[in-house]
Amino acid sequence: MEQIKSKSGSLTKSRREFIERAGMTAVMTTFGLSFFTACSESEEPNRPNTPPPTGSNGVTVSGNTIRIDLTSQAALAATGGWLLVIDAQTLVVNVGGSYRALTSVCTHSACDRNWTFASSKFTCTCHGSEFDTSGNVLQGPANQPLRSFTTALNGTVLTVTK
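Remember, it's a predicted structure, so these values are computed and weren't measured experimentally. (Residues numbered from 1 in each chain as written. Predicted model: local features only at pLDDT ≥ 70, side-chain atom pairs only at ≥ 80, totals over all residues. Heavy atoms only, no water.)

### Some words on the packing of aromatic side chains
Within this structure, the stated rule accounts for four aromatic pairs. Their ring planes at 90° and their centres at 6.3 Å tell us that Trp 115 and Phe 122 sit as a pair that is edge-to-face. By relative accessible area, which is 4% here, Trp 115 ends up buried. The class for Phe 122 is buried, based on a relative accessible area of 0%. Taking 5.8 Å as the distance between ring centres and 55° as the angle between the ring planes, the aromatic pair formed by Trp 115 and Phe 131 counts as tilted. Linking Trp 115 in strand E7 (residues 115-118) with Phe 131 in strand E9 (residues 130-132), this pair joins segments that are 16 residues apart in sequence. Per residue, the accessibility class of Trp 115 equals that of Phe 131, and both read buried. Three or more aromatic residues joined by ring pairs form one cluster here, namely Trp 82, Trp 115, Phe 117, Phe 122 and Phe 131. (Phe/Tyr/Trp six-rings, centres within 6.5 Å; stacked < 30°, edge-to-face > 60°. Buried < 20%, exposed > 50% of the residue type's maximum accessible area, 1.4 Å probe, protein only. Helix = DSSP H or I, 4+ residues; strand = E, 2+ residues; numbered from the N terminus.)

Below, the structure written as structure tokens:
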């Protein structure tokens, strides 16, 4: 069975805000504001070449269907938990016990794997676009919403249909 690449997480709001502020200050000092405001459609997102982890992570992708075993993906099982399924370019989030799934391809410049989630919003860290859990744009530079997908929960298995 092939291992599906994914990222998940949860970070306290205060810790995340501290890291963002400290990192942004250092980067802004080094590069200046013009570095972040000048971008083109041909930019390639950062694509780290890391091998998939060993063992089962509870995520399978078959065509347009993603199955997530919530016993293996315990962070996603909790309210506020989220998961990026890299191989399927899909973001999944638990919003008060109900699941939402969105494309992870940012509508600004097609970055697909540089996401964070905090304060009920997804942030594409390529250029800072922010989206709510329904995919609506909260802050640009993106000006189009993320496409949403159907989710269904059967016991401890979440199915996403694209």
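Still more to cover.
### Digging into unusual backbone geometry
Phi is positive for Gln 89, close to 50°, though the residue is something other than glycine. One can find Gln 89 in the loop between strand E4 (82-85) and strand E5 (90-95). The phi torsion at Ser 120 lies on the positive side, around 60°, for a residue other than glycine. On the secondary structure map, Ser 120 appears in the loop between E7 and strand E8 (121-124).

### Quick look at the environment of Val 61
In this structure, Val 61 sits in strand E2 (residues 59-62). We classify Val 61 as partly exposed; its relative accessible area is 29%. Residues Val 61 and Val 160, 99 residues apart in the sequence, show an inter-C-alpha distance of 9.5 Å.

### Observations regarding the side chain of Asn 94
Mapping Asn 94 onto the fold places it in strand E5. Among the polar contacts listed, one links the side chain of Asn 94 to the backbone oxygen of Leu 76, at a separation of 3.2 Å. For Asn 94, the side chain forms a polar contact with the main-chain oxygen of Ala 77, separated by 3.0 Å. Look past the residues within four positions of Asn 94 in its chain and what remains in contact with it is Leu 76, Ala 77, Ala 78, Thr 79, Gly 80, Gly 81 and Tyr 99. (Polar contact = N/O pair within 3.5 Å; in protein donor to acceptor, adjacent residues only side chain to side chain. Contact = heavy atoms within 4.5 Å.)

### A look at the side chain of Thr 103
Along the chain, Thr 103 falls in strand E6 (residues 98-103). Here the side chain of Thr 103 touches Val 105 through a polar contact of 3.2 Å, landing on its backbone nitrogen. Apart from the residues within four sequence positions on either side, Thr 103 is in contact with Gln 89, Leu 91, Leu 146, Arg 147 and Phe 149.

### A few points about the nonpolar core
By size, the foremost hydrophobic cluster in this structure holds 15 residues, and its most contacted members are Trp 82, Leu 91, Trp 115 and Phe 122. When neighbours within four sequence positions are excluded, Leu 91 is seen to be in contact with Trp 82, Leu 83, Leu 84, Arg 100, Ala 101, Leu 102, Thr 103, Ser 104, Trp 115, Phe 122 and Leu 146. Membership of the second largest hydrophobic core comes to 14 residues, among which are Val 59, Ala 101, Leu 158 and Val 160. (Core = buried A, V, L, I, M, F, W, Y, C linked by side-chain atoms within 4.5 Å.)

### A closer look at the state of the cysteines
Note: disulfide means a covalent bond formed between the sulfur atoms of two cysteine side chains. Following the criterion strictly, the structure yields zero disulfides and no others. The thiol of Cys 106 is unpaired, and the distance to the nearest cysteine sulfur, on Cys 124, comes to 3.9 Å. The exposure class of Cys 124 is buried, given its relative accessible area of 2%. (Disulfide = S-S within 2.5 Å.)

### Considerations on the confidence of the model for the chain
Summing up the model confidence of the chain, the mean pLDDT is 77 and the portion of residues at 70 or higher is 65%. This model gives residues 31-55 a pLDDT under 50, and the stretch forms 23 contacts once residues within four places in sequence are excluded. (pLDDT = per-residue confidence, 0-100.)

### Section: the pairing of strand E3 (residues 65-69)
As paired strands, E2 and E3 are joined by four bridges and run antiparallel to one another. Note that in E3 the partner of Ser 62 across the bridge is Thr 65. Between E2 and the antiparallel strand that follows it, E3, lie two residues; Gly 63 among them carries a positive phi value of about 60°. Examined bridge by bridge, E3 and strand E12 (residues 157-161) share five bridges and lie antiparallel to one another. Within the sheet, the bridge partner assigned to Ile 66 lies in E12 and is Val 160. (Pairing = 2+ DSSP bridges.)

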